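Overview (structure and organization)
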Amino acid sequence: MTSEQHDPPALLTLDVDGGTFRLRHATQADLPQILELLADDQLAATREDISEMAPYERAFEAIDGDPAHLLVVGELVEPGAPAGAVVATFQLSFLPGLSRRGAWRSQLEAVRVSARLRGLGIGAAMVLWAAEESRRRGCALMQLTTDKSRKDAHRFYERLGFAASHEGMKLTL
């Protein structure tokens, strides 16, 4: 078998500086690079501890095994290469609800793009793909949370049509 037969199919491709951005379903082999993206952040740096991989592996298996959840990565594929390094990620979950006449909603989580590739339209392309996938699955809305201190992220999501319509709260357990 060729390596292409093992590669998950592209969900989206986008020409960017340095090659092609390819969005695809994450595989277990992507986990270390996903965790690097999650930890490469001022707020998340203290939350992630990759010295013990077992909790992350269990979480990956749960996400990967449930069709209501998608873990997606983006890789930058250089010209002529069959695959590239993981440079972006997000999780998209689909939730049923009774409110809004029994509407489904999607929850967008952990959107990350490598710092060196920000500003190229990759984040916007990922979020727009997630919105389209949410529509395709019958969702009436897509929601996300972002830390109050992330002013750049707030502007980014507002440019894509999100409205800060609710106040989110969290309880650490």
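Residues numbered from 1 in each chain as written. Predicted model: local features only at pLDDT ≥ 70, side-chain atom pairs only at ≥ 80, totals over all residues. Heavy atoms only, no water.

1. Quick word on the environment of E78
Along the chain, E78 falls in the loop between β3 (69-77) and β4 (85-95). For E78, a relative accessible area of 54% puts it in the exposed group. Separated by 57 residues in the primary sequence, E78 and F21 place their C-alpha atoms 8.9 Å from one another. Among all residues touching E78, those that are not within four sequence positions of it are G18 and G19. (Helix = DSSP H or I, 4+ residues; strand = E, 2+ residues; numbered from the N terminus. Buried < 20%, exposed > 50% of the residue type's maximum accessible area, 1.4 Å probe, protein only. Contact = heavy atoms within 4.5 Å.)

2. Structural notes on helix α6 (residues 151-159)
Of all the positions in α6, only A153, F156 and Y157 are classed as buried. Projected down its long axis, α6 carries its buried residues within an arc of 90 degrees, all on one side. Turning to α6, the residues buried within the fold contact β5 (104-113), α5 (122-136) and β6 (139-144). Directly beyond the C-terminal end of α6, a positive phi value near 105 degrees is found at G161. (Arc of directions from axis to C-beta.)

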